[in-house]
Amino acid sequence: MSLDDFHALVFSYKNVDLKNLESYYIKYDALKFVKDLLDIELFLLQTCNRIELYAYGGTEQFRSLVRVINDFHRGKLEGKGTELHGRDAVRHLFEVTSGIDSLAVGEYEILRQTKEALDHSKKAGLVGQNLEFLVTEALKAGRKVRLSTEISKGKVGTYVLAVEKAKQILGDLSSKRVLVIGAGEIARRLLTILHNEGAREVYVMNRTFEKGEDLAMKFGYRAIPFDLKAAKDFDVVFSAINYPEKVSTESLVIDLSMPTVFSGPRVITLDDLRDLAKENEKMKEKEVEKARELVEALVSEFESKFEKFLASRTIGSLMGRVEEVRAHEVKRALNELKKLGVNVSPEV
């Protein structure tokens, strides 16, 4: 076991059209089957702009993993993802949690998403001690990079890009009728930005009305019943929900859902926000460079930590075995003494 046993299969906005990203999604049930089949540790990170599967095991096990995942997708993944191994896989995860690899450079959301992904992977029985150690250290690295650089300074996040795009098209949003569909974390962040932008006529729509109403009231906004056809009544709609059907519309919709919900000539998806993301990245070039240098140092630090982690587990395992042998020998000796008529306390 070593650093070389870390692997990653990556699909993201950098190598896949985000409009098709949903077709690359991996189900936890499939991974449970694969883990049992290949005896390999797995960690799955899936967000609106990336699907990344990390593994810990031999190279051949990882090759088999990729083949099985491709078979589950009926061959659609063949040659589409980026495979990373050893230090490259570790560095990539550190860059992800640091916001370097994000569509909106420096965004904080990825830290929460990675932590939740670790929790989900643990509950599914996929993660072992080695991958849990890696992800935990990656989260620490992400926080350290943000504290040591200004990569996250200012407005960051895909929700920021979404509001900026709406302003590019409509101008000042203070007098526009705005609808936010959803009541999760992205919706909350959208509402925060809209409130800070001075948007006054904002409505929240959610399938659970009470949840949408609770969120809306925090910002002094109103909730409306769930009816996606109502999108036509607003100047701009922000969507951040999971919905089983596609909805056709002529309205201006910025769809952050994954998979996307709306289709139409004025629907803007994450793919369409790339230009804004590139502008954001260009403004932060110096901070990104600082962050990369720090990540490289943190990866070297991780390599040293991981060696000690493996060594401590090996020593712990050996000591446990020694204790088992000792206990067995003591028991055998006591039995022999009993045969000779000698009574000895077990505590001796």
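To be clear, the structure that these remarks concern was listed above.
What counts, and where the lines are drawn
- Residues numbered from 1 in each chain as written.
- Predicted model: local features only at pLDDT ≥ 70, side-chain atom pairs only at ≥ 80, totals over all residues.
- Heavy atoms only, no water.
- Axes fitted to C-alpha atoms, helices over the stretch in contact; angles between N-to-C directions.
- Helix = DSSP H or I, 4+ residues; strand = E, 2+ residues; numbered from the N terminus.
- Left-handed = near helix turned anticlockwise from the far one by under 90°.
- Contact = heavy atoms within 4.5 Å.
- Nonpolar A, V, L, I, M, F, W, Y, C, P; charged D, E, K, R; others polar.
- Pairing = 2+ DSSP bridges.
- Buried < 20%, exposed > 50% of the residue type's maximum accessible area, 1.4 Å probe, protein only.
- Right-handed = clockwise from strand over helix to strand, strands pointing away.
- Salt bridge = Lys/Arg side-chain N within 4 Å of Asp/Glu carboxyl O.
- Expected span 1.5 Å × (residues − 1).
- Parallel < 35°, antiparallel > 145°, perpendicular 65-115°, else oblique.
- Core = buried A, V, L, I, M, F, W, Y, C linked by side-chain atoms within 4.5 Å.
- Phe/Tyr/Trp six-rings, centres within 6.5 Å; stacked < 30°, edge-to-face > 60°.
- Lys NZ or Arg CZ within 6 Å of the ring centre and 35° of its normal.

Here the focus is the packing of helix α1 (residues 28-38) against helix α2 (residues 59-72). Contact geometry for α1 and α2: axes closest at 11 Å, N-to-C directions at 145 degrees. At the point where α1 passes α2, the crossing takes the right-handed sense. Residue-level contacts link A30, L31, F33, V34, L37 and L38 of α1 to Q61, S64, L65, V68, I69 and F72 of α2. When the residues that make up the contact of α1 with α2 are grouped by side-chain class, the tally is ten nonpolar, two polar and no charged.

An order of β7-β6-β5-β8-β10-β12 is seen for the six strands of this open sheet, with the pairing classed as parallel. Every other strand in the sheet has two partners, leaving β7 (222-224) and β12 (267-269) as the edge strands with one partner each. For this sheet the average axis-to-axis angle between neighbouring strands, irrespective of direction, equals 25 degrees. With three bridges connecting them, strand β6 (residues 201-205) and β7 associate as parallel partners. Of the residues in β7, the one forming a bridge with Y203 is R222. Sitting on the sheet, helix α6 (residues 158-170) is in contact with β8 (236-239), β10 (253-255) and β12, with an inclination near 165 degrees to β8. Where helix α7 (residues 185-196) meets the sheet, it contacts β5 (177-181), β6 and β8, and its direction lies at approximately 160 degrees from that of β5.

In this section: the pairing of β5. The buried count for β5 comes to four of five residues, which makes it a mostly enclosed element. Where β5 and β6 come together, five bridges link them in parallel fashion. By the bridge assignment for β6, L179 is matched with Y203. A crossover connection joins β5 to the parallel β6 through α7; in handedness this β-α-β unit is right-handed. In this sheet, β8 lies alongside β5 in parallel orientation, the contact comprising four bridges.

Below, the discussion takes up the environment of K80. Tracing the chain through its elements places K80 in the loop between α2 and β4 (82-85). Not counting the four nearest positions on each side in its chain, K80 is found in contact with F11, N15 and Y24.

Next up on the list: the pattern of salt bridges. Opposite charge on two side chains permits pairing when their charged atoms draw close. Enumeration over the complete set of coordinates arrives at 26 salt bridges. Linking E185 and R188 is a salt bridge whose minimum nitrogen-to-oxygen distance equals 2.5 Å. Of this pair, E185 and R188 both sit in helix α7, three residues apart, which is roughly one turn of that helix. R188 sits in the partly exposed class, given a relative accessible area of 32%.

Here the focus is α2. A rise of 1.5 Å per residue sets the reference length of α2, with its 14 residues, at 20 Å; its end C-alpha atoms lie 20 Å apart and thus fit the reference within 8%. By the burial criterion, the buried members of α2 are F62, S64, L65, V66, V68, I69 and N70. The secondary structure elements touched by the buried residues of α2 are β1 (6-12), α1, β2 (41-47), β3 (50-56) and β4. Phi turns positive one or two residues past the end of α2, at R74, with a value near 55 degrees.

Where helix α4 (residues 109-123) contacts helix α5 (residues 129-148), the axes come no closer than 10 Å and their chain directions differ by 170 degrees. By the angle between their directions, the pair α4 and α5 is classed as roughly antiparallel. The residues of α5 that touch α4, namely those facing I110, L111, T114, K115, L118 and K122, are E132, V135, T136, L139, G142, R143 and R146. Each residue belonging to the contact of α4 with α5 can be placed in one class, and the counts come to five nonpolar, three polar and five charged.

Turning next to the nonpolar core. Ranked by size, the top nonpolar core spans 64 residues in total, and within it L53, L65, L190, L194 and F238 carry the most contacts. Residue contacts for L53: discarding those within four places in its chain leaves H7, A8, L9, I26, L31, L42, F43, L44, L65 and I69. In terms of nonpolar packing, the next biggest core, distinct from the first, is built from 40 residues, F43, A138, I151 and V295 among them.

A word on unusual backbone geometry. Look at D39: it is not a glycine, yet its phi comes out positive at around 55 degrees. Considering the arrangement of structural elements, one finds D39 in the loop between α1 and β2. For D39, a relative accessible area of 62% gives the class exposed.

Here the focus is the packing of aromatic side chains. Under the criterion given, the structure shown has 16 aromatic pairs. Measuring from centroid to centroid gives 5.9 Å for F43 and Y54, while their planes differ by 35 degrees, and the two rings are tilted. With F43 in strand β2 and Y54 in strand β3, the pair connects residues that are eleven residues apart, well separated along the chain. The class of F43 is buried, set by a relative accessible area of 0%. Taking the relative accessible area as the measure of exposure, Y54 reaches 1% and is therefore buried. Both rings, one in F133 and one in F306, keep their centres 6.1 Å apart while their planes meet at 35 degrees; by these two values the pair is tilted. With F133 in helix α5 and F306 in helix α10 (residues 285-339), this pair connects stretches of sequence that are 173 residues apart. The exposure class of F133 is buried, given its relative accessible area of 18%. Classification of F306 by relative accessible area gives buried; the value is 1%. Ring pairs connect the aromatic residues F6, Y56, F94, F133, F302, F306 and F309, which therefore count as one cluster. The cationic tip of R146 hangs over the ring face of Y108; the distance from NZ or CZ to the ring centre is 5.3 Å. Against the face of F234 rests R177, its NZ or CZ located 4.6 Å from the ring centre.

Function cannot be read off these values alone, since they describe shape.
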